[in-house]
Each structure stands twice: as structure tokens, then as C-alpha cells.
Amino acid sequence: MSTFTQEWQDWKARRETDLAEPHGWLALVSLDWLTDSPREYPGIPGRWWQDAEAAYVDPAGASLVHDGEPITEVRRFELVNSGAGTRVLAGDVEIEVARRSGYLIRVHDPKAEVLREFRGVPAYEPSPSWVLSGRFEAFAEPQPTTVGAVVEGLSHVYTAPGLVHFSHGGAAHTLTAFNGKDGGLSILFTDGTSGVTTYAANRSLPVGAPAADGSVTLDFNRAVNLPCAFTDFATCPLPPAGNHLPFAVEAGEKIPYERG
């Protein structure tokens, strides 16, 4: 086995281990949008509501924990829109609070059926031919970019630091990039396989931090599904306008077995 293939298989194993975390995306079993009236939600302890700025929970006698401390009175959560959520523990489940225009709560249950039956993610066989060289072109100022979501009527706003240019099949292509991990980039895209062999709405390509001259490596073998490919309880963003590639990227993750 080549080093290239071994490294890809190691990456895939880590990816699937992360997906199978007991309180990860595959553990989602519900999603509820909060209103301005305190109320209970089926199977979720406490009373929950929101206003224009924050979400709130009244434990109402239930045993809830946040940041390692029991919640004994009304707790307020003010979060960044489209940003990270926070978790409230209730027994062996975690209640995620997140802001997606309005506030939502969703339950991560380690006994979830999707998690229990997870058997990995189907993917194309890795090929060095899908490792492409590109160039990052930074905007003068990072641009807030509004995109749609897999949930109708919802939108997300992300910061786009610039564009990535690359060539494939003798043609030039340009994709809008968002900020990624560790100084890198994240590119949401669709292509000729979308809705055929890969998830229709989107895939995500992580890209390492650009070199000093702007050069980047696009390894489409590591294009991954977003949580919405696995569960109906995710609110994933759609790619920004123009991020459709007019050819089939036969690399990376395919439609999950759960959606087959």
C-alpha cells in the first residue's frame, strides 16, 4: 500500500471515530425552535424560551448542568449567530443550544438509532489525481457572506477571507473560501456528482493555511459531508453563489449509507 493511500485511510478512520462520538452529530434525535413564551418540549427537561438577544432555561425542578455547575435558577445563553452552540447536560443526554437567526435546542442522545447503526462513510477510492494545486487571493477586507441553509427560510452569515483559484481539465475555476481551522480555509461546494453519488446540498473541503506566496493544496479526496447529510436535525449552510464546479469530483465522501 502506498504512503498516500495509508495516510488517507488513517485520516478516514479518525474522521469516522469523530463522527461516532457519543454526543456528536449522529447522536441528534430532535430539533426545536424556541419561542418567546416559556414552555416544555417533548422529552426535554425544563422550560425554554428566547428573546431577541438570548435563550433561557428554567430548570423547573429538573437536574440540569451547564459548564460543570448545576442550574438552579433561570440561565441565560447569549450566543453568536451561526456560531458555536453550548451544551446543557441532562442525565446521559446533552441539550445543545444554538443561534441560527433565532434560537434552537436539539438533543444529542448516545442511544440514537443513527449512531447505533453507524458503519462508516462510503467514499471514493483515494487518488493522487484529485490533489490539485491552487492559489489563494485574499480580499482587501474579509467579506461577510450570506448563504442559504438546508432548512427552508434560514440563512447563515460567514466571513469569506478570499478566493481560491485552480485549474482542472484545462479550465480555470474559482471558489469562495470561508475561514477554516488553524489558519486554514473551508470551501463549501457542489459538483457534477451532487445528488447522484454525493450528498446533493453540499460538501466541505478543508484546505491548509496558504503559503507565503498564496499557494494552497486542494485534496478533494478529503471532501467531507456536513452533518445534514446524516441527520434531519442539522441546519447546515449551502455553498455560496458560484461554488458549483461544472465537472464531477469523483473523490471524497459519498452519500451516507443512512441516506441510501
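If you're wondering where the values come from, they're calculated on a predicted model, not measured in any experiment. (Residues numbered from 1 in each chain as written. Predicted model: local features only at pLDDT ≥ 70, side-chain atom pairs only at ≥ 80, totals over all residues. Heavy atoms only, no water.)

K.L.:
Kindly report on the environment of Asn202, identifying the contributing residues and their values.
P.N.:
On the secondary structure map, Asn202 appears in the loop between β14 (185–189) and β15 (203–207). In this structure the C-alpha to C-alpha distance between Asn202 and Leu64, which are 138 residues apart in sequence, comes to 35 Å. Here Pro237 takes part through its backbone oxygen, which lies 2.7 Å from a polar atom of the side chain of Asn202. (Helix = DSSP H or I, 4+ residues; strand = E, 2+ residues; numbered from the N terminus. Polar contact = N/O pair within 3.5 Å; in protein donor to acceptor, adjacent residues only side chain to side chain.)

K.L.:
Quick one: what's the story with the side chain of Ser82, residue by residue and with numbers?
P.N.:
Note that Ser82 resides in the loop between β7 (75–77) and β8 (86–90). The class of Ser82 is buried, set by a relative accessible area of 11%. In this structure the side chain of Ser82 is engaged in a polar contact, spanning 3.2 Å, whose partner is the side chain of His156. Among all residues touching Ser82, those that are not within four sequence positions of it are Arg99, Arg100, Ser155, His156, Val157 and Tyr158. (Buried < 20%, exposed > 50% of the residue type's maximum accessible area, 1.4 Å probe, protein only. Contact = heavy atoms within 4.5 Å.)

K.L.:
So what's going on with helix α1 (residues 3–19)? Residues and values would help.
P.N.:
With 17 residues, α1 should cover 24 Å at 1.5 Å per step; its first-to-last C-alpha distance of 24 Å lies within 8% of that length. Listing the buried residues of α1 in full gives Thr5, Trp8, Trp11, Lys12, Arg15, Glu16 and Leu19. Buried residues of α1, viewed axially, fall in a sector of 135 degrees; they line one side. Among the exposed residues of α1, those oriented more than 90 degrees off its buried face are Thr3 and Asp18. In this structure, the buried side of α1 is in contact with α2 (113–116). (Expected span 1.5 Å × (residues − 1). Arc of directions from axis to C-beta.)

K.L.:
Account for the nonpolar core, with residues named and values stated.
P.N.:
Leu218 and Phe220 are the most contacted members of the largest nonpolar core, which totals 20 residues. If you list the elements that add at least two residues to this core, you get β11 (131–148), β12 (155–168), β13 (171–179), β14, β15 and β16 (215–219). If you tally residues by element for this core, the top one is β14, at three residues. Discounting residues that sit within four places of it in the chain, Phe220 has contacts with Trp130, Leu132, Phe166, Phe189, Leu205, Leu245, Val249, Ala251 and Gly252. If you look at the next biggest cluster of nonpolar residues, it comprises 19 residues, including Leu115, Val147, Ala160 and Phe178. (Core = buried A, V, L, I, M, F, W, Y, C linked by side-chain atoms within 4.5 Å.)

K.L.:
Before we move on, can you summarise the pattern of salt bridges with the specific residues and values?
P.N.:
Inspection of every chain in the model, using the stated rule, returns nine salt bridges. A salt bridge links Arg15 to Glu253; the shortest N-O distance between them is 2.8 Å. Taken together, the residues Arg15 in helix α1 and Glu253 in the segment after β16 connect sequence positions 238 residues apart. We note that Arg15, like Glu253, is buried. Its salt-bridge partner being Lys111, residue Asp92 comes within 2.9 Å of it at the nearest N-O pair. Residue Asp92 is found in the loop between β8 and β9 (93–100), and its partner Lys111 is found in the loop between β10 (102–108) and α2; the two are separated by 19 residues along the sequence. Under the relative-accessibility criterion, Asp92 is labelled partly exposed at 42%. By sharing partners, the salt bridges in this structure join Asp92, Asp109 and Lys111 into a single network. (Salt bridge = Lys/Arg side-chain N within 4 Å of Asp/Glu carboxyl O.)

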